[in-house]
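Letter by letter, the chains look like this.
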Amino acid sequence: MNKTSLETAFNSYFHNKHSFQDFLNININNEYTQIFYSKNTFSPSKKLKQFQQFLNLFIFDHLNINKDVVFSYRKGVSTIDAIKPHKNKKFIYTTDIQSFFTHIETEKIKHIILENKNNYIIIEEDIEKYIDNILSLVTYKNVLPIGAPTSPKISNAYLLRLDNLVQEYCEKNEIIFTRYSDDFIFSSDSKEKLINLDDTLEDFLKQSEYLNLTINRKKTKLQRQGSNITLLGLTITPQGHITVNKKIKNDLEILLHFYLTDKSKFNDVFESNYSSKIEKVSGIISHINSIDKTYISKLRKKYGSYIVNSFIHRDISYE
């Protein structure tokens, strides 16, 4: 792999739309807006977001992760891929890490970046030279900010040691394990193998020196096949079929029904549930189609392919 300097990569990426000196000297405190509903979620300015996307392409897309178990924030995989391995197991156990992103501190991120420096398109000397500038662009108030494009990639790599330990343990104990961000999913045909996993995870966190991370025991849940199981916003039916939850389906079918039968009620539902934005409906149908094509086929039979396609392609009349 031919490597390049950080400045050359920057100039090639931005074509003089931004200066490299601006990249090095940006004042992060002026570039974030706090999201009103969360004290830990921030929206980066357009310029900062562009800088972070540049860093993703040349640095953070190349961090080592355990691709066997991690399905978050990766091209070509999604939540359904994290769920599929579990769909035919009798018991499914889920838990997560408490306040995950905001416990990933600057020094830990620095270690990850330097540990992976041989992976990058950027020459190693520049990674070391500009490490503090890079850290200033991807952290805020000494932690990983929720809302920055770089944060998900970094968070995936941050848990590499834990992922490896848990994977090894699960393979030895015939447990299926996948992770999506800070959501841990385990499944087995034996209930006993899953019961004390919180304690096991806590032990692994300590072994891996994640001393500031704790399992969110309030969100720990053990579910048994036989009724619908909810995982990552999706549903596994008792037959092992993965689909979206019933409320999403009901709301969508009400909308399609009123579109065919009562435009006044359609407009009311459209405004109430979707803010009169056809893009939302189109996105929902496309999302369902990527997960459960059988259900979309049922919609086509019930409401007509023309109507379903019209919503997908945002070609409806609703005035």
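Residues numbered from 1 in each chain as written. Predicted model: local features only at pLDDT ≥ 70, side-chain atom pairs only at ≥ 80, totals over all residues. Heavy atoms only, no water.

K.L.:
Help me understand the packing of aromatic side chains in this model?
P.N.:
Enumeration over the complete set of coordinates arrives at 30 aromatic pairs. Ring centres of Phe42 and Tyr140 lie 4.9 Å apart, and the angle between their planes is 75°; on these two criteria the pair is classed as edge-to-face. Placement of Phe42 in strand E2 (residues 42–44) and of Tyr140 in the loop between helix H7 (131–138) and helix H8 (150–158) is noted, with a sequence separation of 98 residues between them. You'll find Phe42 and Tyr140 in the same group, each marked buried. Between Phe100 and Phe101, the aromatic rings sit 5.7 Å apart at their centres with planes inclined by 80°, giving edge-to-face as the arrangement. For the pair shown, Phe100 and Phe101 are each scored as buried. One aromatic cluster is present, formed by Phe10, Tyr13, Phe14, Phe20, Phe23, Phe51, Phe54, Phe58 and Tyr130 through successive ring pairs. (Phe/Tyr/Trp six-rings, centres within 6.5 Å; stacked < 30°, edge-to-face > 60°. Helix = DSSP H or I, 4+ residues; strand = E, 2+ residues; numbered from the N terminus. Buried < 20%, exposed > 50% of the residue type's maximum accessible area, 1.4 Å probe, protein only.)

K.L.:
Got a minute to help me understand the sheet that holds strand E4 (residues 176–180) in this structure?
P.N.:
In space, the four strands of this open sheet follow the order E4-E5-E3-E6, with antiparallel pairing throughout. Every interior strand has two partners, whereas the edge strands, E4 and strand E6 (221–224), have only one. The sheet shows a mean angle of 20° between the axes of neighbouring strands, direction not considered. Summarising the sheet, strand E3 (residues 91–96) and strand E5 (residues 183–188) pair through six bridges and their orientation is antiparallel. Note on E5: the bridge partner recorded for Ile92 is Ser187. Lying over the sheet, helix H9 (residues 160–172) contacts E4 and E5, oriented at roughly 160° with respect to E4. (Pairing = 2+ DSSP bridges. Axes fitted to C-alpha atoms, helices over the stretch in contact; angles between N-to-C directions. Contact = heavy atoms within 4.5 Å.)

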